[in-house]
Amino acid sequence: MAPAEEMEGQQGSSAASDCEEFHDFRALGLDLDVELSKSERQKAEEEATQRMQELTAAAEERLQKAMEVNRFLHDALIRKKLKTEELRKSIEHIGDKIERASEVELPARASAVADLEERIRQEQQLMQEAKLQLGRGLMEREERVEELTKA
């Protein structure tokens, strides 16, 4: 039990209220005796009221500053969430484009590779035919040279 509560239990209500006032004044940093004259008590109450107003004003100022910081942080959080959502949508959009491009690109690539392989095969076939013709032409010329040298 606090000393003020102990005294309250031992004395009457008048003494209890004096003790509470004494306790409140102590909480405000004022040293007051329980036994004060009426003018001293009034002066002490005014000082206590003034001190209480100063403390209240300081507390309100701290509260306003804390609320300002809170608003700033809340605004920053909202901006971050909006930017995150915007980036998420952008990523989804790019993912869709990649998927559609893959759906078009892979078959087109396979088709282009098949066409290129077919052209290479045709070119190889033409080269083989050209070599054959050159070989035949060479053989014919060699035979003619042989015939001319025999004759």
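Computed from a predicted model, the values in this text were never measured in an experiment.

A. Inspection of the overall build of the protein at higher detail. On a plain count of helices and strands, the protein comes out with three helices and zero strands. Counting from the amino terminus, the protein carries its helices and strands in the arrangement α-α-α. Across the 151 residues of the protein, 8% fall into the buried class. For the protein, the accessible surface area stands at approximately 13400 Å², while carbon and sulfur atoms represent 55% of it.

B. Seen up close, a nonpolar patch on the surface. Residues Val-69, Phe-72 and Leu-73 make up a contiguous nonpolar surface patch of about 310 Å² in total accessible area. Topologically, Val-69 is positioned in helix 3 (residues 38-150).

C. The arrangement of helix 3 in detail. Between its first and last C-alpha atoms helix 3 spans 159 Å; for 113 residues at 1.5 Å apiece the expected length is 168 Å, and the two agree. For helix 3, the set of buried residues is Arg-41, Ala-44 and Ala-48.

D. The pattern of salt bridges, seen in detail. For the coordinates displayed, the defined rule picks out five salt bridges. The shortest N-O distance in the salt bridge between Lys-65 and Glu-61 comes to 3.4 Å. Residue Lys-65 and its partner Glu-61 are both found in helix 3; the two are separated by four residues, about one turn of the helix. Across the pair Glu-118 and Arg-121 runs a salt bridge whose closest N-O atoms are separated by 2.2 Å. Taken as a pair, Glu-118 and Arg-121 lie in helix 3 at a separation of three residues, close to a single helical turn. Arg-121 gets classed as partly exposed once you look at its relative accessible area, which sits at 42%.

E. A look at a negative patch on the surface. Together, Glu-140, Glu-142, Glu-143, Glu-146 and Glu-147 line one region of the surface with negative charge. With respect to the element layout, Glu-140 can be found in helix 3.

F. Up close: the confidence of the model for the protein. Here the protein shows a mean pLDDT of 82. Residues at 70 or above account for 76%. Taking the mean pLDDT of every element in the protein, the minimum, 43, falls on helix 1 (residues 3-10) and the maximum, 93, on helix 3. Counted against residues more than four places away or in other chains, residues 1-23, with its pLDDT under 50, gives 13 contacts.

What counts, and where the lines are drawn
- Residues numbered from 1 in each chain as written.
- Predicted model: local features only at pLDDT ≥ 70, side-chain atom pairs only at ≥ 80, totals over all residues.
- Heavy atoms only, no water.
- Helix = DSSP H or I, 4+ residues; strand = E, 2+ residues; numbered from the N terminus.
- Buried < 20%, exposed > 50% of the residue type's maximum accessible area, 1.4 Å probe, protein only.
- Areas by Shrake-Rupley, 256 points an atom, 1.4 Å probe, with all protein chains shown as cover.
- Patch = residues over 30% accessible without salt bridge, like charges linked within 9 Å, V, L, I, M, F, W, Y side chains within 5 Å.
- Salt bridge = Lys/Arg side-chain N within 4 Å of Asp/Glu carboxyl O.
- Expected span 1.5 Å × (residues − 1).
- Lys, Arg positive; Asp, Glu negative; His and termini not counted.
- Charge placed at Lys NZ, Arg CZ, Asp CG, Glu CD.
- pLDDT = per-residue confidence, 0-100.
- Contact = heavy atoms within 4.5 Å.

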